[in-house]
Amino acid sequence: MKFTVHVDTGSGDPQPSSVRTLVLTGELDHGSASALQKAFDEAYAAEARYLVVDLTGLTFCDSTGISVFLGARRALAAREGGVVLAGLNQRIERIFRLTGVARAFATYPTAEEARAALPGA
């Protein structure tokens, strides 16, 4: 399945510039990780402090994808921000748990709950 990254601006109201929501679908691997990195880079350039990453449609994630997530976490921590994950399906949650990555991120059932949990939301 083709990997895509979509920037979700919510229900009509633009999100504050400090928060970006990225909706991922498909398989995140060595061949597609550059698309995710590009989306993260655009969020950094737009001065985002927080990223909500909706993984509901993600079907696979390898170590390259995990490295991109961890890099985003480090970059946003430098801005006193962070990355939160939402909608982890059973398969992705298992990959993140087995690799220890799950402990590095706050997780929420939905992107809406993740956004609501962020400071200033």
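Everything here concerns the structure above.
Everything quoted here is computed from the prediction, not taken from an experiment. (Residues numbered from 1 in each chain as written. Predicted model: local features only at pLDDT ≥ 70, side-chain atom pairs only at ≥ 80, totals over all residues. Heavy atoms only, no water.)

J.: Please give an account of the pattern of salt bridges that cites residues and values.
T.: All told, the structure shown has two salt bridges when counted by the stated rule. With a shortest N-O distance of 3.3 Å, Arg-97 and Glu-93 are connected by a salt bridge. Of this pair, Arg-97 and Glu-93 both sit in helix H3 (residues 90-99), four residues apart, which is roughly one turn of that helix. The shortest N-O distance in the salt bridge between Arg-115 and Glu-112 comes to 3.6 Å. Within this pair, Arg-115 and its partner Glu-112 are both found in helix H4 (residues 111-117), separated by three residues, close to a single helical turn. (Salt bridge = Lys/Arg side-chain N within 4 Å of Asp/Glu carboxyl O. Helix = DSSP H or I, 4+ residues; strand = E, 2+ residues; numbered from the N terminus.)

J.: Run through the packing of aromatic side chains, naming residues and quoting values.
T.: Note on aromatic pairs: each is described by the distance of the centres and the angle between the planes. Here the structure, examined in full by the defined rule, presents three aromatic pairs. Arranged with centres 6.2 Å apart and planes meeting at 65°, the rings of Phe-40 and Phe-69 form a pair that is edge-to-face. With a gap of 29 residues between them, Phe-40 in helix H1 (residues 33-45) and Phe-69 in helix H2 (residues 63-77) connect regions that are remote in the sequence. Like Phe-40, the residue Phe-69 is buried in the burial classification. One aromatic cluster is present, built from ring pairs that chain together Phe-40, Phe-69, Phe-96 and Phe-105. (Phe/Tyr/Trp six-rings, centres within 6.5 Å; stacked < 30°, edge-to-face > 60°. Buried < 20%, exposed > 50% of the residue type's maximum accessible area, 1.4 Å probe, protein only.)

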